[in-house]
Amino acid sequence: MPFKFNKTLWELGRKIEDDTLPELNEYFECNFERNESDIFDVLDFKDPEKKIIVEVKGETLSIYSI
């Protein structure tokens, strides 16, 4: 593994994904399932019936004052 696993950022990413899931289901008219084969999965959700795969990206913002 080329970098140290950051559990805090991973948990934040999961929360962003979980918060986004209902909106994705509504928008795509799907019932997405989490892609759970590995914590490092590249793609987050899939709907095998409609053959749609989704990757959710979330960002954090760091503000520094000088």
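All figures in this text were calculated on a predicted structure; none of them were measured in a lab.

Calculation rules
- Numbering of residues begins from 1 in every chain and follows the order in which that chain's sequence is written.
- Since the coordinates come from a predicted model, pLDDT governs what is reported: local features require at least 70, and pairs of side-chain atoms require 80 or more to be given and counted, while whole-chain, interface and lining totals use all residues.
- Side-chain numbers come from the whole structure's heavy atoms, not from hydrogens or water.
- Salt bridges are counted wherever a side-chain nitrogen of Lys or Arg sits within 4 Å of a carboxyl oxygen of Asp or Glu.
- Under the scheme used here, helices are H or I runs from DSSP no shorter than 4 residues and strands are E runs no shorter than 2 residues, and both carry numbers assigned from the N terminus.
- Only protein chains enter the calculation, and the probe is 1.4 Å; a residue is then buried if its accessible area is under 20% of its type maximum, exposed if over 50%, and partly exposed in between.
- Whether two strands pair depends on DSSP finding at least two bridges between them.

K.L.:
Help me understand the pattern of salt bridges in this model?
P.N.:
Should their charged atoms come close, side chains of opposite charge can pair. On inspection of all chains with the given rule, the structure shows five salt bridges. Among the ionic pairs, Glu11 bridges to Lys7, the shortest N-O distance being 3.7 Å. Remark: Lys7 and Glu11 occur in helix H1 (residues 7–28); sequence separation between them is four residues, near one turn of the helix. Its relative accessible area of 40% is what places Glu11 among the partly exposed residues.

K.L.:
Help me understand the sheet that holds strand S1 (residues 33–34), please; the structure alone is not making it clear to me.
P.N.:
The strands that make up a sheet are held in pairs by hydrogen bonds between backbone atoms, and each pair lies either parallel or antiparallel. Strand order across the open sheet formed by three strands is S1-S2-S3, with antiparallel pairing between neighbours. At either end of the open sheet lies a strand with only one pairing partner, and these are S1 and strand S3 (52–54). Examined bridge by bridge, strand S2 (residues 45–47) and S3 share three bridges and lie antiparallel to one another. From the neighbouring strand, Asp47 faces S3, where its bridge partner is Ile52.

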